[in-house]
Structures are given as C-alpha cells and as structure tokens.
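# Coordinates in review
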Number of protein chains: 2
Amino acid sequence: MPTIPFLPYSILVGNLSILCLGLTVYWSQHWLGGFAWDGSRKMFNWHPVLMVTGMVILYGIAALVYRLPFSQMGSLLSRKVLHATLTLIAFISAILGLEVVFNFHNVQKIPNMYSLHSWLGLTAVLLFSCQWLMGFASFLLPWTPIWFLVLYRPVHLFFGSVILGLSTASCISGINEKLFMRLTNSTTPYSQLPAEAWFANILGMLILWFGMLVLLGLAIPGWKHSDNLGSRSPM
Amino acid sequence: MPTIPFLPYSILVGNLSILCLGLTVYWSQHWLGGFAWDGSRKMFNWHPVLMVTGMVILYGIAALVYRLPFSQMGSLLSRKVLHATLTLIAFISAILGLEVVFNFHNVQKIPNMYSLHSWLGLTAVLLFSCQWLMGFASFLLPWTPIWFLVLYRPVHLFFGSVILGLSTASCISGINEKLFMRLTNSTTPYSQLPAEAWFANILGMLILWFGMLVLLGLAIPGWKHSDNLGSRSPM
C-alpha cells in the first residue's frame, strides 16, 4: 500500500467530519424544520444528526485512535480507554437516534421498522452493541484469557470495518428515503433535483467518502503499530 | 480469526447467491411486471437482475476465486484468467444494467441520475471499471514492473472490498427506493408492509448477508495462499 502522510490524512478526515456534521445539522434545521423533543416531526429531525454523529463520525474517529502515531498518545491503556469512551458516546448517540424516530412514529401513529433502511440501520446498531460489549469485556477487563483474545481480535477488527460500512450505507439509504418521502408529491419533485435534493445528495456522498477514508486509514499496513496479542490491544 | 472450513462456507455462499438471484428475478417477474427490451417499464425490470447478478454475485464469486484451495484449481494463470473473466462478465452485466435504466428513463422522459442511489451506484460502476482495467494491466500483462505491483496490489485488494460494499449498499438503497416509489400511493402503503415489501426487504437483507459473507471470506488469513509479489498474483 502506498505510504500516505498521517498528518494531512487526519486533517482531511477531521475537516470532512466537521463538514458532514455541519451539513446534516443544516439540512435538519433549514429544510426539515428544526429541532424539538415533543414527538413532532421536529423530534424526528434529531435522527439524522444523532446517527451521522454517532454511527459514522465518532465511530470512525474512535477506530482511527489505534492509528495515531505512538508519540502523540500516552499509554496503550489510555488509547484503549479513549477508544472505548468514544465508541460508548457513539453508541449512546445511536440509541438516542433510534429513540427519537420510535417516539415520533408512536406519537404520529406511523408503524416502526417497515423500510429496508430501518432493517439495515437496526442491524448496524445491534452489531455495534455486541461489538462494544465484546470489545470491553475482552480488551479492558483483565481476566479474559489470552487464547480468547487471539481468536477474537481479528473478529473485532473485521466487524469494526463492517459496522462502519453498514452505518454509512444506512445513512445513504436514509437520506435517499427521506428525499423520496418529502419530494414525491412536491411542486419540484426529487427527479427535478431541487436545491434540497442537491444538498442532501452531496451530503450523502460526503458521508460515503468519510467512511471510505476511515476504512483506507484502517487498511494501511504502515499505520498498524503492533500485532502483540499479549498487550490485549485491539489494534 | 477463527478457522472456518472452506467447503461448508462455499456451499453457503453458493446457495445464498442462487437465492438472491432467484428472488430478484421473481420480484421483477411477479411484482414489477416481467421483462422486455423496448424502453417500457418492463425494460427497467432488467436493472435489479443485471445489477445483483453482476455487481454483487459474479463480483463476489470472482473475488473468492483466490481463496479456493490450490489443489482444487490449476495454475495461478488459470486462476487469474478465471478472475478476470468473471469480473469482465460482471462488468458487462453492470453496463447493461445501466443501459436498461437510462433507456427506460429516456423513453419515458424521466431525468437520469437524480437520486442518491443513482449517484452511489454510478460511483460503484466507475470505480469497478478503473479496478478492472488496472487489474488487467497489472496482473495479466507481462510488462508491468514489479515495483508497481508491490505498490498497487494492496490498493487493488482494498478497492476490491470497497466496491463490493458500495454495490451491496447500492442494491439496498435501490430496493428501498423502488418500494417507496411503488407503494407510496398504493392501497397498502410500504408502512403497512404488504407482501411485496416483506419479500423485497428480505431480498435486501439476503444481499447484505451475501456481501458480508464474501468480505468475511476475503478477510480470513488462513485462506490467503501467498504474499509472493513476484508471482504477479492479486490474492
């Protein structure tokens, strides 16, 4: 794999994450009608913000913690605690992101979990919950036997990338679905690409590029510090 | 990574590929109205069949050619030719899959390339075209210098998995989009989960599991035969 300097890569990932989050907030605020916590449509508008923040951005940054050069980070334990904390905040965001949509549906008498987007998204969150619990038990609790870590570590790495892929795909199918819902009977339908459609399509592509960039960062062999299983590291 | 026996894995992948293809054909035939090549809605119905066949199933099986046990396959050259042939058929399917939807849109005066699904899908096909040409030039033509192979091989592997992820996500967003289009003003809307919605949602989840299973097969270290770059192998 060609070597890429880590600093410009992390600046790019950082700026892209701010851009994705900013555009998601702007879409929810400007086009979808703003925020509330009352079971109305405005409560739903937290859903894209919480999901993009938790399942994509925080999750992606948490995965890259193990790619930071050693000199810029403290001990392995501090790195593990940072990874666990960021993914825990990401998971709480995802649970809140589910809560707002279930609450909105229940108040508005809209059935839950009917679209393929919702099936995909719930699959991602369920896998993420297993991943977090298994990761915590294996890499932070001291009594997990080494033979189990040897088996589980590559599984954790594999599902780490898979869950990010599922989250990114969920965001894209969710944006696509929302645009069809909002613009099908609109005076300027989705097929005429009104300003909101351009905006949200570009947002979807930026989320895709963020996800692909994180997966690239995880795949570069030169950025992996060690395969030392005895250290209980999930790198 | 825990060791999985290759034979039951490949039987599972084979059966899942037949199931995905069969259900896609059945959806197009039974619910979408069957097939034609005349610019009508029936021409569009080739789109899901060609895309699932090419970008997911043939592509996935082609990727797994390099995971077959050596004793079950001939020389490295025959393996490379099989991989190139399967991916070429997959690519032709994808081009035909684009042709039917562009032709249908043009005849019906529907704009092309407006939805996020179409942006995602075209990204997958464009990346796939670069991947095929670069793979062919690097691993089948004899004059590519070894230093370039050393650089390019991991890039080919990385994008191989990424393109499969993009294709799977495109299929899921496409099924989701089609169900919203068809069922929004229907007597039994998508939110009431009529039989077609159950059927196509399950199809989407099976395509997802197929994609994840292939990525798992590519990730199992014990199934990778060699890192010998001098052999010009893209394993």
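Note that the coordinates shown come from a computational prediction; the quantities given were computed from them, not determined experimentally.

To continue, consider the overall build of chain A. For chain A, the count of helices and strands is seven helices and zero strands. Going residue by residue from the N terminus, the α and β elements of chain A occur as α-α-α-α-α-α-α. Rg of the C-alpha trace for chain A: 19 Å, near the compact-globule value of 18 Å for 235 residues, within the 12% margin. Seen through its principal axes, chain A has C-alpha atoms that stretch 60 × 35 × 25 Å. Out of the 235 residues in chain A, the part that is buried amounts to 56%. Residue pairs in contact within chain A that sit at least 24 positions apart in sequence constitute 74% of those at least 6 positions apart. Carbon and sulfur atoms make up 72% of the accessible area of chain A, which amounts to about 10,000 Å² in all. Computed over 11 positive and 5 negative side-chain charges, the inter-centroid distance for chain A is 9 Å.

Below, the discussion takes up the interface of chain A and chain B. Across the contact, 44 residues belong to chain A and 44 residues belong to chain B. Taking both partners together, chain A and chain B bury about 3,600 Å²; carbon and sulfur atoms supply 82% of that area. For chain A, the biggest contributors to the area lost against chain B are Tyr114(A), Leu116(A) and Trp119(A); these three give 19% of the whole. Our count for the contact surface shared by chain A and chain B stands at zero salt bridges.

A few words now on helix α7 (residues 195-219) of chain A. The terminal C-alpha atoms of α7(A) lie 36 Å apart, and with 25 residues this matches the ideal 36 Å at 1.5 Å per residue to within 8%. Summarising burial for α7(A): 20 of the 25 residues are buried, a large majority.

Residue and element names in this part refer to chain B. A full pass over the atoms with the stated rule returns two salt bridges over all chains. Residue Arg182 is joined to Glu196 by a salt bridge in which the shortest nitrogen-to-oxygen separation is 2.7 Å. Here Arg182 is found in helix α6 (residues 146-183), whereas its partner Glu196 is found in helix α7 (residues 195-219), with 14 residues between them in sequence. In this structure Glu196 comes out as buried when scored by relative accessible area, which is 5%.

As a further point, take the relation of the copies chain A and chain B. Overlay of chain A on chain B (RMSD 0.0 Å): rotation 180°, translation along the axis 0.0 Å. Taken together, the rotation and translation describe the operation of a two-fold axis. Of the interface residues in chain A, 100% have counterparts in chain B that sit at the interface too, so the contact is made through matching surfaces.

Moving on to the environment of Ser118(A). Here Ser118(A) lies in helix α5 (residues 116-139). On a C-alpha basis, the gap between Ser118(A) and Gly74(A) in space is 39 Å, while along the polypeptide they are 44 residues apart.

Quick look at the packing of aromatic side chains now. Evaluated as defined, the whole model comprises 40 aromatic pairs over all chains. The interplanar angle of 40° and the centroid separation of 6.1 Å between the aromatic rings of Phe6(A) and Tyr9(A) together place this pair among those described as tilted. Residue Phe6(A) and its partner Tyr9(A) are both found in helix α1 (residues 6-31); the two are separated by three residues, about one turn of the helix. The pair formed by Phe6(A) and Tyr9(A) is uniform in burial state, with each residue classed as buried. Summarising the aromatic geometry, the rings of Tyr114(A) and Tyr190(B) are spaced 5.3 Å apart at their centres and angled 75° between planes, so their arrangement reads as edge-to-face. Of the two residues, Tyr114(A) is situated in the loop between α4 (76-108) and α5 and Tyr190(B) in the loop between α6 and α7; the pairing between them involves two chains. The two residues Tyr114(A) and Tyr190(B) agree in class, both being buried. Taken together, Phe139(A), Trp147(A), Phe148(A) and Tyr152(A) form an aromatic cluster joined through their ring pairs.

Residue and element names in this part refer to chain B. Tracing the backbone through its elements, the reader meets Tyr59 in helix α3 (residues 46-64). Judged by relative accessible area, which is 6%, Tyr59 ranks as buried. With sequence-adjacent residues up to four places away left out, Tyr59 is seen in contact with Gly54, Ala90, Phe128, Phe159, Gly160, Ile163 and Leu164.

With that settled, the discussion passes to the confidence of the model for chain A. Confidence in the prediction of chain A, expressed as mean pLDDT, is 93, and 94% of residues score 70 or more. Here residues 227-231 of chain A is modelled with pLDDT under 50, and outside its nearest four sequence neighbours on either side it reaches nine contacts, counting other chains as well.

On to unusual backbone geometry, then. For Met113(A), which is not glycine, the phi torsion reads 55° and is therefore positive. Take Met113(A): it is sitting in the loop between α4 and α5. With relative accessibility at 24%, the residue Met113(A) sits in the partly exposed group. Of note in this structure, Lys109(B) is not a glycine but carries a positive phi near 60°. Examined against the element boundaries, Lys109(B) turns out to sit in the loop between α4 (76-108) and α5 (116-139).

The subject of this paragraph is the UniProt feature "transmembrane region" (unreviewed entry) in chain A. Residues and elements named next belong to chain A. With numbering matched to this structure, UniProt assigns "transmembrane region" (unreviewed entry) to residues 6-28, 49-69, 81-104, 116-143, 155-176 and 197-220. When the span residues 49-69 is considered, its composition is 76% helix and 0% strand, and the gap between its end C-alpha atoms is 30 Å. End C-alpha to end C-alpha, residues 155-176 measures 31 Å, and it is 100% helix and 0% strand.

So, how was this worked out
- Residues numbered from 1 in each chain as written.
- Chains lettered and ligands numbered in written order.
- Predicted model: local features only at pLDDT ≥ 70, side-chain atom pairs only at ≥ 80, totals over all residues.
- Heavy atoms only, no water.
- Helix = DSSP H or I, 4+ residues; strand = E, 2+ residues; numbered from the N terminus.
- Rg over C-alpha atoms; globule rule 2.2 N^0.38 Å.
- Buried < 20%, exposed > 50% of the residue type's maximum accessible area, 1.4 Å probe, protein only.
- Contact = heavy atoms within 4.5 Å.
- Areas by Shrake-Rupley, 256 points an atom, 1.4 Å probe, with all protein chains shown as cover.
- Lys, Arg positive; Asp, Glu negative; His and termini not counted.
- Charge placed at Lys NZ, Arg CZ, Asp CG, Glu CD.
- Buried area = accessible area lost by both parts, 1.4 Å probe.
- Salt bridge = Lys/Arg side-chain N within 4 Å of Asp/Glu carboxyl O.
- Expected span 1.5 Å × (residues − 1).
- Least-squares fit on C-alpha atoms with pLDDT ≥ 70 in both.
- Phe/Tyr/Trp six-rings, centres within 6.5 Å; stacked < 30°, edge-to-face > 60°.
- pLDDT = per-residue confidence, 0-100.
- UniProt positions renumbered as here; feature names shortened; annotations may be inferred.

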